[in-house]
Number of protein chains: 2
Amino acid sequence: MRKSIATVSVSGTLAEKLDAIAAAGFDGVEIFENDLVASPLSPEEVRARAADLGLGIDLYQPLRDFEAVPAEVLAANLRRAERKFDLMRRLGADLLLVCSSVSPDSVGDDDLAAEQLHLLAERAARHGIRLAYEALAWGRHVSEYLHAWRVVHLADHPNLGTCLDSFHILSRGSDPIGIEAIPGEKIFFLQLADAPRLAMDVLQWSRHYRCFPGQGGFDLAGLVGHVLKTGYEGPLSLEVFNDVFRQADAGRTAGDAMRSLLALEEAVGLAPKMPPPVVPTGFAFAELTIPKPAASEPVASEPVASEPGGSDGVRLRELLTALGFALTGRHAAKPVELWEQREARILLNTTDPEPAPEGPATVGSALARSATVGSATVGSALAGSATMEPAPEGAAPEGAALAALGLESPDPAGSAARAGSLLAPVLPRERGPGEAPLDAIAAPDGTRIFFCRTGRPGHSSWTGDFGPREPVAGHVTHIDHVALTQPLHHFDEAALFYRGVLGLRPLPSLELPDPYGLLRSKAMSSDDGAVRMVLNIAQVGGQHVPWQHIALACDDLVTTARLLRAAHPGLLLPIPDNYYDDLEARHDVSPELRELGLLYDRDEHGEFLHLYTITVGRVFFELVQRLGGYRGYGAANAPVRLAAQHAGIRR
Amino acid sequence: MRKSIATVSVSGTLAEKLDAIAAAGFDGVEIFENDLVASPLSPEEVRARAADLGLGIDLYQPLRDFEAVPAEVLAANLRRAERKFDLMRRLGADLLLVCSSVSPDSVGDDDLAAEQLHLLAERAARHGIRLAYEALAWGRHVSEYLHAWRVVHLADHPNLGTCLDSFHILSRGSDPIGIEAIPGEKIFFLQLADAPRLAMDVLQWSRHYRCFPGQGGFDLAGLVGHVLKTGYEGPLSLEVFNDVFRQADAGRTAGDAMRSLLALEEAVGLAPKMPPPVVPTGFAFAELTIPKPAASEPVASEPVASEPGGSDGVRLRELLTALGFALTGRHAAKPVELWEQREARILLNTTDPEPAPEGPATVGSALARSATVGSATVGSALAGSATMEPAPEGAAPEGAALAALGLESPDPAGSAARAGSLLAPVLPRERGPGEAPLDAIAAPDGTRIFFCRTGRPGHSSWTGDFGPREPVAGHVTHIDHVALTQPLHHFDEAALFYRGVLGLRPLPSLELPDPYGLLRSKAMSSDDGAVRMVLNIAQVGGQHVPWQHIALACDDLVTTARLLRAAHPGLLLPIPDNYYDDLEARHDVSPELRELGLLYDRDEHGEFLHLYTITVGRVFFELVQRLGGYRGYGAANAPVRLAAQHAGIRR
């Protein structure tokens, strides 16, 4: 279907918005009046620019507070509308959104509303303009979509139809089944917005919290299904007011918007050619990149600095060894080490980070760009160059970082094709001689995702690049989950990406207090739990270290913790005694937990034991043991962990 | 009265919180359990640290989900409570907050609740502990404060009383008059929080939007008045959960908190010695400071760079001259020029900015500090050194900035005494020989406020420092208002400061979209409108230039605009034609507005004409004419202005 988006949905000047929207592949736009009013471009220039970009102007919006008013107000309103018709002629727009009135001038009289809308439609028809009348959820007299339709039906003019807006319908809890009673040719326009389910004033909810389909809690596929049954053939258009998008890069927001529409089309059966999601079946590896120390770092006197990866490299090797990993191979062509324990694999990459690329083709704010670009970025040794997301604002991107993930895929090429169809940058597949080709993509936060078939007979495996290896025994069995810190303002985008591309299912997001702010955290997993990821963002307090971590599944954490505590107490994050006083007040737990520094959680399915290591660069490890089907991630203990981490970096 | 604050109300570790709270002069604290649990300090160490700081531990909080449960749950709950009693003994705390249950285990049976609370009180009494039972606004069965009191009354135990929390009472719309029916000795504790009036889920409202008394929409003075009538003699304690305070500097938040309690005490007649507010009667001057250009700026080839203030100085002099100002004097001892037109006075200060001081004595995050300190700050030539607030994050503080305001005060010493009593830094009064002494304070954003009596017979005037001057005629009559950009996260603090110190009355705040974010704006004025200020903050989008402006009242703006447009068109901010198309559709206005580039607004009292100049450094001027009692600030036009300003800096 034709895809449109309202200019209010992305940031920037009107010209910047049009550029970004066209670059993301939209067919048309709704021009939001306030964007035009503040623009130095004349309507004719806007029209020409849109045409040059291949964008249709599908709607001009909005005309407010028109209908059901006394005669003298009607005269002024008609005069105002005539000015807008002139403007639309100059713009080359032929559909005007008319919102149900919120004015105290209006009365609750459907016949009067219909009569005046008929009059307006009559005037509009002389200009070749059609009107789409929409019920605002907070309209004074008309606030339900079927009420707006009744008024349109009463007015009975070929140039008057209705506009459906998913937010106005679903925020009121109206049943969208009633849409099927409206003739498709009288639905002049369909505006789509999702939103998180919030109990708050609907106007504030609408102005600040709308989001793209799939990022909130509304059943948009269901609603669109009803609309399609009417025979509606107009655009699917996104109208999203959102505090995040107001400040985000316009090009990025427009891409996120397009991805949401593609996924929505798929959900309603309109995208027969979209490659299906290929759900990963496990983690093949996690890759840590260790940038060279800055030139100013004193290196000569430290013997460790001559080791690959400098002091972070030394500390990571010490940590991995303590956790029971062994170095099993070195990459044939690159300074990359493979560390293994059973099915858990960690790559240590001491390649210099690639030079920071220019960033996504962007038409966003130059101010915004200068604030976020230029941070050191982390590259992956297995990948060619790709567009990288700079580190989050306020971050300290120095030191070791989690740069790439290998996921086991039953169909690596299918995984990459799926990602590409959802606008993920697919990384070049060319490899050096003797290197296994790998399908790889870049996630919105710059993390590289490789699709692997590790050690599968009949398939070349990426592990071949590391030569012959011996299995490593131990209590760590595999990677349970990884936690990635998302760039500020792109949490919903990342969640939609991982959900759409990898078929992961998100849990509701949580708020986690730390001493200096508030994190938002969203866990996602495959249905069988084989791949679990946690996305974190600093929701309040921009000064967090963007910590990332790798949680390693352990089949005997008590024994492992005892060994670690005896041999390497300095490698474990200290947990305060007060935590155990509180834990023991709440649960009847063994005193062994306190002794070993293990954290504890439970849910209705089982219990969870875990511990954290110290942090190297941005990265730390967690050891976890799930007992009896526990499904969570120990989030209840995250505030204690965060406090201890802050204390660690401030010592 | 004794003043306390919950540790949750400020950011940081528990140790940092205690330090900040003590430094702000509080008598005691409520220890929030989560803060203790995450702390490496043992309860004994917390007790000793609080004692060393002179802080009492007035409350330990909270015990949740205790009452009205089946027998087997009661046993576990009593066990849990006994652990907390032990903990409180170690802490040296003897009052425990018990929140009404939200657990599905509890039943709606007041007799059972009372019986179990009686049992708990009996146990508590053995430890010398008292219990304060509080109705959470979202309690499962007990959510009204009078209901909690009925349960306490039924339970009838000397160690059981009630805790009143203004948020829980007022958020539900309960009438606080009922408090007077509770015997004062049964009110064991009083927690105070204000909040903006929001229509949203009360739990979310409570967790994220509480604020200090006077910063929200609740009548806290009225509530406290009712409590005092009962004979309550316990502390006034602040319990504020707030997303801003989570990340703000702890010392600063604690000072803001104390100021709010001092103002509240005054409002309920408990602060007989507080100097009364002295409402200013007008602006004496606005001072612009122009830092020396950075060494890297190419200066040799530009003749202007040899002028005092460099190119910004040249442009400001050009702008002031174009607006009809004349240079009337130079400071006897400092490189400061006085520019005047009728009663409007602008100081241009080309003194080098003072070196950035260490900032407020702070116990906040070292990360936060490193992100905000070190920005160039602007000093005032008239002042000695004082603690300065760094420029807002993400700001470009280079160039001319509004550093100080002179306010006409009927009693300058009284103004300064008032400010000092509300914890404003009072600046040293010493002056060089021949300089007039001026009472001055520093506002939270670092703006210096001078209290003046300009040209009043029998008083030495600050203008004496500038030698003999001639009056300057013109259409600009005086400073109508100034708009200051507040540092991120300190909007409510600044509003409370100006309101408490200067007696200005705030209007509700507004949201103003700009192309890359959202501003929040709050206007404040004296009752007669002689002093008006607008506080702005970048609420969404951290990348704004922290623009400041001086709005000059003009008695014939049409004539002035015509002259300016003819002689200096390049000095005026261009307004898009689309603005006038829209304005003319909405109002029947003269085409002269378009021709002259004047903006227009109206309210129920009158009309408003205004125009903006280009920006120099961070500063621009606005010319305004109020017709027929208009009371606003042209906020409806701010988005057009912001778009034009962004376009200007991006050209």
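Residues numbered from 1 in each chain as written. Chains lettered and ligands numbered in written order. Predicted model: local features only at pLDDT ≥ 70, side-chain atom pairs only at ≥ 80, totals over all residues. Heavy atoms only, no water.

**Comments concerning the pairing of strand 10 (residues 326–330) of chain A**
Residue and element names in this part refer to chain A.
Right, on to step 1. Bridge count for strand 10 against strand 11 (residues 336–341) is 4 bridges, and the pairing is antiparallel. The residue bridging L327 from the neighbouring strand is W339, located in strand 11.
Right, on to step 2. Linkage of strand 10 to strand 11, two consecutive antiparallel strands, is achieved through a turn of 5 residues. (Pairing = 2+ DSSP bridges. Helix = DSSP H or I, 4+ residues; strand = E, 2+ residues; numbered from the N terminus.)

**Here we look at helix 16 (residues 557–567) of chain A**
Residues and elements named next belong to chain A.
Right, on to step 1. Taken together, the buried positions of helix 16 are L557, T560, A561 and L564. Projected down its long axis, helix 16 carries its buried residues within an arc of 95°, all on one side. Those residues of helix 16 that are exposed and aimed more than 90 degrees away from the buried face are L563, A566 and A567.
Right, on to step 2. Contacts made by the buried residues of helix 16 are with helix 12 (310–322), strand 21 (548–554), helix 18 (592–596), strand 23 (607–616) and strand 24 (619–627). (Buried < 20%, exposed > 50% of the residue type's maximum accessible area, 1.4 Å probe, protein only. Arc of directions from axis to C-beta. Contact = heavy atoms within 4.5 Å.)

**Details of the packing of helix 17 (residues 577–586) of chain A against helix 4 (residues 71–91) of chain B**
Right, on to step 1. At a closest axis distance of 8 Å, the pairing of helix 17 of chain A and helix 4 of chain B adopts a crossing angle of 155°. One way to sum up the angle between helix 17 of chain A and helix 4 of chain B is to call them roughly antiparallel. Counting all contacts with helix 17 of chain A, which are made through A:D581, A:D582, A:E584, A:A585 and A:R586, the residues of helix 4 of chain B involved are B:R79, B:R80, B:R83, B:K84 and B:R90.
Right, on to step 2. Split into classes, the residues belonging to the contact of helix 17 of chain A with helix 4 of chain B amount to 1 nonpolar, no polar and 9 charged. (Axes fitted to C-alpha atoms, helices over the stretch in contact; angles between N-to-C directions. Parallel < 35°, antiparallel > 145°, perpendicular 65-115°, else oblique. Nonpolar A, V, L, I, M, F, W, Y, C, P; charged D, E, K, R; others polar.)

**Topic: the packing of aromatic side chains**
Any pair of aromatic rings gets described here by the distance separating the centres and the angle formed by the planes.
Right, on to step 1. Under the definition given, this model contains 24 aromatic pairs over all chains.
Right, on to step 2. Centre to centre, the rings of A:W205 and A:F218 are 6.0 Å apart; their planes meet at 65°, and the pair counts as edge-to-face. Taken together, the positions of A:W205 in helix 8 (residues 202–209) and A:F218 in the loop between helix 8 and helix 9 (220–229) put the pair 13 residues apart, joining distant regions of the chain.
Right, on to step 3. Overall, the relative accessible area of 6% leaves A:W205 in the buried class.
Right, on to step 4. Judged by centre distance (4.9 Å) and plane angle (85°), the rings of B:Y579 and B:Y580 are edge-to-face.
Right, on to step 5. By relative accessible area, which is 1% here, B:Y580 ends up buried.
Right, on to step 6. A connected cluster of aromatic rings, assembled from ring pairs, spans A:F285, A:F450, A:W462 and A:F466. (Phe/Tyr/Trp six-rings, centres within 6.5 Å; stacked < 30°, edge-to-face > 60°.)

**Re the interface of chain B and chain A**
Right, on to step 1. Counting from both sides, the interface comprises 59 residues of chain B and, opposite them, 60 residues of chain A.
Right, on to step 2. Between chain B and chain A, a total of about 4,500 Å² is buried, with carbon and sulfur atoms accounting for 54% of that surface.
Right, on to step 3. Run the count over chain B and chain A and you get 6 salt bridges.
Right, on to step 4. Among the ionic pairs, A:D582 bridges to B:K84, the shortest N-O distance being 2.8 Å.
Right, on to step 5. By residue number, the principal contributor to the side of chain B that touches chain A is helix 17 (residues 577–586) of chain B, which donates 7 residues.
Right, on to step 6. Of the residues that constitute the side of chain B that touches chain A, the class distribution is 25 nonpolar, 16 polar and 18 charged. (Buried area = accessible area lost by both parts, 1.4 Å probe. Salt bridge = Lys/Arg side-chain N within 4 Å of Asp/Glu carboxyl O.)

**Digging into helix 9 (residues 220–229) of chain B**
All names here are of chain B.
Right, on to step 1. Of all the residues in helix 9, the buried ones are L220, L223, V224, H226 and V227. The arc enclosing the buried residues of helix 9, seen along the axis, measures out at 155°, which places them on a common side.
Right, on to step 2. Two or three places before G222, at the start of helix 9, stands the capping residue D219, its side-chain oxygen 2.9 Å from that residue's backbone nitrogen.
Right, on to step 3. After helix 9 finishes, the residue G231 shows a positive phi value of roughly 90°. (Polar contact = N/O pair within 3.5 Å; in protein donor to acceptor, adjacent residues only side chain to side chain.)

**Details of the sheet that holds strand 3 (residues 56–63) of chain A**
Residues and elements named next belong to chain A.
Right, on to step 1. In space, the 8 strands of this closed barrel follow the order 1-2-3-4-5-6-7-8, with parallel pairing throughout. This sheet shows a mean twist of 30° between the axes of neighbouring strands, independent of strand direction.
Right, on to step 2. Judged from the 5 bridges that link them, strand 2 (residues 28–32) and strand 3 form a sheet pairing that is parallel. The partner of G28 across the bridge, within strand 3, is G56.
Right, on to step 3. Contacts from helix 5 (residues 110–126) reach strand 3, strand 4 (95–99), strand 5 (130–134) and strand 6 (160–165), with the element oriented near 150° to strand 5.
Right, on to step 4. Running at roughly 170° to strand 7 (residues 187–192), helix 9 makes contact with strand 6, strand 7 and strand 8 (236–238) of the sheet.

**Structural notes on the side chain of B:Q486**
Right, on to step 1. Tracing the chain through its elements places B:Q486 in the loop between strand 16 (476–485) and helix 15 (491–502).
Right, on to step 2. At a separation of 3.2 Å, a polar atom in the side chain of B:Q486 contacts the side chain of B:D445.

**A closer look at the environment of A:P506**
Right, on to step 1. Within the secondary structure, A:P506 is located in strand 17 (residues 505–506).
Right, on to step 2. We classify A:P506 as partly exposed; its relative accessible area is 27%.

**Brief notes about unusual backbone geometry**
All names here are of chain A.
Right, on to step 1. The amide bond that connects Q61 to the next residue, P62, takes the cis arrangement and shows omega of -15°.
Right, on to step 2. Here P62 shows up in strand 3.
Right, on to step 3. At L423, a position not held by glycine, the phi torsion is positive, near 70°.
Right, on to step 4. When you line up the elements, L423 lands in the loop between helix 14 (412–421) and strand 14 (439–442).
Right, on to step 5. Taking the relative accessible area as the measure of exposure, L423 reaches 36% and is therefore partly exposed.

**What to know about the pattern of salt bridges**
Right, on to step 1. With the rule as written, the count across this model stands at 67 salt bridges over all chains.
Right, on to step 2. With its nearest N and O atoms 2.9 Å apart, the salt bridge here joins A:R49 to A:D19. In this pair, A:R49 sits in helix 3 (residues 43–52) while A:D19 sits in helix 1 (residues 14–23), placing the two residues 30 residues apart along the sequence.
Right, on to step 3. Two residues, B:R562 and B:E595, come together in a salt bridge whose shortest N-O distance is 3.1 Å. Here B:E595 lies in helix 18 (residues 592–596) and B:R562 lies in helix 16 (residues 557–567), a separation of 33 residues in the sequence.
Right, on to step 4. Residue class for B:R562 comes out partly exposed when judged on its relative accessible area of 37%.
Right, on to step 5. According to the relative accessible area criterion, B:E595 is partly exposed, its value standing at 49%.
Right, on to step 6. The structure contains a network of salt bridges with shared partners spanning A:E44, A:R83, A:R90, B:D577, B:D581, B:E584 and B:R594.

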